[in-house]
Amino acid sequence: MTLKKTIDASITPIGSLEVLSQTEVARLKQAGENGLYELFRCCVLAILNTGSDGDNAKTLLQAYPDFALDIVQQDRGIRLKLFSAPADAFVDGEMIRSTREMVFAALRDLVFAESEGASPLLDLDSGSDITDYVFHFLRNARMMRPGEEPRIVVCWGGHSIGPLEYKYTKAVGHELGLRGLDICTGCGPGVMKGPMKGATISHAKQRILNARYIGLTEPGIIAAEAPNPIVNELVILPDIEKRLEAFVRLGHGILVFPGGAGTAEELLYLLGILLHPDNKDIPFPLVLTGPKSAEPYFKQLHDFIAQTLGFEAQQRYKIIIADHESAACEMALGMQQVFEYRKKTNDAYHFNWQLTIADDYQRPFVPNHQNMAALDLHKDIPVHLLAANLRRAFSGIVSGNVKEQGISRIEQLGPFEIHGDREITDPLDALLAAFVEQKRMKLPGSDYLPCYKVVK
């Protein structure tokens, strides 16, 4: 392992002075069980590696084994001392401003998650309490802008995409920006960066000075998808389920570009929610789009949904191939429908309260060998519950591909096993094999060793 160039530095918050209690500082400094130090260290290290081309959390930690930080409480707030930090995050000894903002966003979110999660007034086994928690989390991160008309487009897709697909995401982002729409992604590279990059140009053309480039992530995946530097509003949710709920509560419409297991997880999550009977009449624009070269990818995904979730699920989205302008126009039209519906029903523009999300979509799923093998993938369960379990299967594969804990589990115990009805597992196996063949599981140039085995 080649060690990278490092630097020692001391930084203070930008914009406002973060005020922490002595107990919060102690928890952030504490290593080991019930301590936040290692989690905070990993998040900050990932942020300092913004723009890196890796997608393996374990490799990143090994590249900077001596990286450490200390929190110093001062009369006017706090100061972070960094030791053996990645030198690329600094220019002439000063940390890049966007990086510095994101470091303190991580501090803010980890402290809030710790303090709110321990509240006796909060029941995280209750669906309504989980939704309230996501709302308060986003509000604490200043994501809410009451009164602003719907204009947040969530863009999902892979971090491992080729140049043609990346160029297409930029073209779509450019068209979205020309129409005054903001971009929200998982904040990493690839599809999570392309639309933002395209929109920055069109926002400048339209003289839009308050454009939003929102990144939603979670601690387990941030090291594999370090924030791209265009993100100007970063939120680190506690787990993948709350991150996914934040996407659909905060966003007003979703564009899905080509991707791999993580993209399939996100799409299945949303389709399962939209298939819930209570959500039948709620407008939620969902567009799948990509260049001509991605047409086989979307056809296979479309067929997989038909074989597993059925025709009704296919009616909840539109597929637009090789037409970036039409994709943006469709989304702009959807935004108008969302605006009219929310106005008519007196629902908030800044948070989708009316959307029903079943408990199966809110409770955290631990992707270990026992839980993966026990997933209920059978045709005789309700379709929105089957979608929830398929989502969990893909979540486990994402964990085994890029998350430190998942990678360690695979190294110790071998691949996850996935069981179920042949009507479900056969199309699942075919879809995953296509992802591997198309090199959508890892970044280009990386060898992929499957972390899963579909048991026939």
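Just so you know, these numbers come straight off a predicted model, no measurement behind them.

A. A look at the sheet that holds strand 3 (residues 77–86). Here three strands make up an open sheet; going across it, the order is 1-3-2 and the pairing antiparallel. Unpaired on one side and paired on the other, strand 1 (6–11) and strand 2 (68–74) mark the two borders of the sheet. Averaged over all pairs of adjacent strands, the angle between strand axes in this sheet comes to 10 degrees, irrespective of strand direction. As defined by bridge partners, strand 2 adjoins strand 3 across seven bridges and the pair is classed as antiparallel. Counted as the bridge partner of Ala-68 is Phe-83 from strand 3. Packing against the sheet, helix 2 (residues 37–48) makes contact with strand 2 and strand 3, and its axis sits at approximately 105 degrees to strand 2.

B. Local environment of the pattern of salt bridges. Tallied over the full model, the rule gives 23 salt bridges. With a closest N to O distance of 2.9 Å, Glu-38 and Arg-41 form a salt bridge. With Glu-38 and Arg-41 both in helix 2 and three residues apart, the pair spans about one turn of that helix. Relative accessible area serves as the criterion here: at 38%, Glu-38 is assigned to the partly exposed category. Residue class for Arg-41 comes out buried when judged on its relative accessible area of 8%.

C. Inspection of the sheet that holds strand 11 (residues 286–290) at higher detail. With parallel pairing, the seven strands of this open sheet are ordered in space as 9-8-7-6-10-11-12. Because the sheet does not close on itself, it has two edges, and the strands there are strand 9 (233–236) and strand 12 (318–321). Averaged over all adjacent pairs, the angle separating strand axes in this sheet is 25 degrees, with direction ignored. Strand contacts of helix 9 (residues 240–250): strand 6 (152–156), strand 7 (182–185), strand 8 (213–217) and strand 10 (253–256), with the helix running at about 150 degrees to strand 8, the strand carrying the most contacts.

D. Representation of the nonpolar core within the structure. By size, the foremost hydrophobic cluster in this structure holds 84 residues, and its most contacted members are Leu-286 and Phe-394. Formed by 62 residues, the second largest nonpolar core is a distinct cluster that contains Leu-48, Leu-80, Ala-89 and Met-335.

E. Broad picture of the environment of Phe-284. In this fold, Phe-284 is placed in the loop between helix 10 (261–274) and strand 11. The spacing of Phe-284 and Arg-316 is 32 residues in sequence and 8.6 Å in space, taken between C-alpha atoms. Excluding residues that lie within four positions of it along the chain, Phe-284 makes contacts with Val-248, Gly-251, Gly-253, Ile-254, Leu-270, Leu-274, Asn-352 and Leu-355.

Each value, and the rule that gives it
Here the residue numbering is sequential within each chain, running from 1 through the sequence in written order. Owing to the predicted nature of the model, reporting of local features is limited to residues with pLDDT of at least 70; listing and counting of side-chain atom pairs is limited to 80 or more, with chain, interface and lining totals taken over all residues. The side-chain figures draw on all heavy atoms in the structure; neither hydrogens nor water molecules are used. At least two bridges found by DSSP between two strands are what make those strands a pair. Counting from the N terminus, the helices are DSSP H or I runs at least four residues long and the strands are E runs at least two residues long. Note on geometry: axes are C-alpha line fits, over the in-contact stretch for helices, and angles between N-to-C directions span 0 to 180 degrees. Two residues form a contact once any of their heavy atoms are found within 4.5 Å. Whenever a carboxyl oxygen of Asp or Glu lies within 4 Å of a side-chain nitrogen of Lys or Arg, that contact is scored as a salt bridge. When a residue's accessible area, from a 1.4 Å probe over protein chains only, is under 20% of the maximum for its type it is buried; when over 50% it is exposed; and in between it is partly exposed. Throughout, nonpolar core names a set of buried Ala, Val, Leu, Ile, Met, Phe, Trp, Tyr and Cys residues whose side chains join them through atoms within 4.5 Å.

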